[in-house]
Amino acid sequence: SGMSYSFEGEAREERENSGGMLMGALLIGFGIYAMLAIPFRSYAQPLIVMSAIPYGLVGAVGGHLIEDYFKRDGYGMPLSFLSYFGMLALSGVVVNDSLVLVDYINRRRREGESVLAAVTAAGAARFRPIVLTSATTFAGLFPLIRMEATQAQFLIPMAVSLGYGILFATAITLFLVPVNYLVLHDVRRFFGYLMGEARKEERCSESREEDGELTAV
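Report follows, based on the coordinates. This one's a predicted model, so the numbers in the text were calculated from it and none came from an experiment. (Residues numbered from 1 in each chain as written. Predicted model: local features only at pLDDT ≥ 70, side-chain atom pairs only at ≥ 80, totals over all residues. Heavy atoms only, no water.)

## Re the overall build of the protein
For the record, the criterion: Each helix is a run of DSSP H or I of at least 4 residues and each strand a run of E of at least 2, with the numbering of both proceeding from the N terminus. To sort residues, take the accessible area from a 1.4 Å probe on protein chains only and compare it with the maximum for the residue type: under 20% means buried, over 50% means exposed, and anything in between is partly exposed. When checking whether two residues touch, look at their non-hydrogen atoms; a contact exists if any pair is within 4.5 Å.
Counting its secondary structure elements, the protein contains seven helices and zero strands. Looking at the protein residue by residue over its 217 residues, the buried ones come to 32%. At a minimum sequence separation of 6, the contacts of the protein that also span at least 24 residues come to 73%.

## Section: a nonpolar patch on the surface
Heads up, the rule is: Note that patches include only residues with greater than 30% relative accessible area and no salt bridge, and the join distances are 9 Å for like charges and 5 Å for nonpolar side chains (Val, Leu, Ile, Met, Phe, Trp, Tyr). Only the protein chains shown count as cover for residues, with accessible areas throughout obtained via the Shrake-Rupley method and a probe of 1.4 Å. Counted as salt bridges are all cases of a side-chain nitrogen of Lys or Arg within 4 Å of a carboxyl oxygen of Asp or Glu.
Where nonpolar side chains cluster on the molecular surface, the patch consists of V179, V183, V187, F190, F191, Y193 and L194 and spans about 660 Å² of accessible area. In this structure, L194 sits in helix α7 (residues 156–216).

## Some thoughts on the side chain of T173
Along the chain, the position of T173 falls in helix α7. Taking relative accessible area as the criterion, T173 reaches 1% and is therefore assigned buried. Here T173 is in contact with A52, D97, S98, L101 and P178, once residues within four sequence places are set aside.

## Remarks on the nonpolar core
Considering soluble globular proteins, one finds that nonpolar side chains tend to be buried as a cluster. Stated formally: The term nonpolar core refers to a set of buried residues drawn from Ala, Val, Leu, Ile, Met, Phe, Trp, Tyr and Cys, joined through side-chain atoms within 4.5 Å.
By size, the foremost hydrophobic cluster in this structure holds 37 residues, and its most contacted members are V102 and Y181. Elements that contribute at least two residues to this core include exactly α1 (10–40), α2 (45–50), α3 (53–70), α4 (81–93), α5 (95–110), α6 (115–146) and α7. Broken down by element, this core gets its largest block of residues, 11 residues, from α7. Every residue in contact with V102, bar those within four places of it in the chain, is listed here: F40, Q45, I48, V49, V177 and Y181.

## What to know about unusual backbone geometry
Look at R41: it is not a glycine, yet its phi comes out positive at around 55°. With respect to the element layout, R41 can be found in the loop between α1 and α2. Assessed through its relative accessible area of 79%, R41 is described here as exposed.

## A closer look at the side chain of S98
With respect to the helices, strands and loops of the structure, S98 is situated in helix α5. By relative accessible area, S98 is classed as buried at 0%. Once residues lying within four places of it in the same chain are set aside, the contact partners of S98 are V49, A52, T173 and V177.

## Points about the environment of Y33
Take Y33: it is sitting in helix α1. The exposure class of Y33 is partly exposed, given its relative accessible area of 24%. Filtering out sequence-adjacent residues up to four positions away, Y33 remains in contact with Y43, P46, L47 and M50.

## Description of the packing of aromatic side chains
In this description, a pair of aromatic rings is defined by centroid distance and the angle of the planes. Note the cut-off: The rule is short: rings of Phe, Tyr and Trp, with Trp giving its six-membered ring, pair when the centres are within 6.5 Å, and they are stacked under 30 degrees, edge-to-face over 60, tilted in between.
Counted under the stated rule, the structure contains four aromatic pairs. A ring pair is formed by F81 and F85, whose centres lie 5.0 Å apart and whose planes are at 85°; its orientation type is edge-to-face. Of this pair, F81 and F85 both sit in helix α4, four residues apart, roughly one helical turn. Summarising the aromatic geometry, the rings of F138 and F142 are spaced 5.7 Å apart at their centres and angled 45° between planes, so their arrangement reads as tilted. Taken together, the residues F138 and F142, both in helix α6 and four residues apart, mark about one turn of the helix.

## Topic: α5
Rules: In this analysis, the expected span of each helix is defined as 1.5 Å times one less than the number of residues it contains.
Here α5 spans 22 Å end to end across 16 residues, near enough to the 22 Å set by a 1.5 Å rise per residue. Listed as buried for α5 are V95, D97, S98, L101, V102, Y104, I105 and N106. Remark: G112 follows α5 within two positions and exhibits a positive phi of approximately 105°.

## Structural notes on the pattern of salt bridges
A complete count under the given rule lists four salt bridges for this structure. When the shortest N-O distance is used, the salt bridge between D103 and R107 registers 3.0 Å. On the criterion of helical spacing, the pair formed by D103 and R107 is a turn pair, its members being four residues apart in helix α5. Accessibility expressed as a relative area gives 33% for D103, which makes it partly exposed. On the accessibility criterion, R107 (31% relative accessible area) is partly exposed. The shortest N-O distance in the salt bridge between E111 and R108 comes to 3.9 Å. For E111, a relative accessible area of 58% translates into the label exposed.

Structure (structure tokens):
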């Protein structure tokens, strides 16, 4: 008979729990979307806010690569099950910066400003609060990331995911959210134009039909 092998230990636990992790991620995404859609009264604007989440995950992976480079203990910083927990928590944190921007833009638009003026004002007015919030969050997590105590080692992957994910997502959010807002506005105007043209063509067609009936009479 041939020889067989299997990965056990942490690898086996990750395999067994990956299904639950995926379901948790879907529930978190749906919950965030629902909580944003209600106050915004929009189906599209929550997607603008949530567009920062994938970049936060990229930052979390990049943070593991950075810490893996600086660690010289022979173990490095591989992605672990707790890293994924950190990414799930990160999904609920990185939307805060986007939420602040979108809410400010909406408020300025209700005051009568144009979309471009509101987006420009939001970037300037919310730049400092967003950067300070993210920087202080990372500063609070950094001592844990650099801690070498044995008791703290199992928490470090989660802190790396949160800290570096927030930093990277913040840098992207300041550019991505205003651009996405303008793109959404242009898409709405385009479809509004198409619908307006369709209604105009329908009214013209009805008018021609009525004229034809009057002529026949």
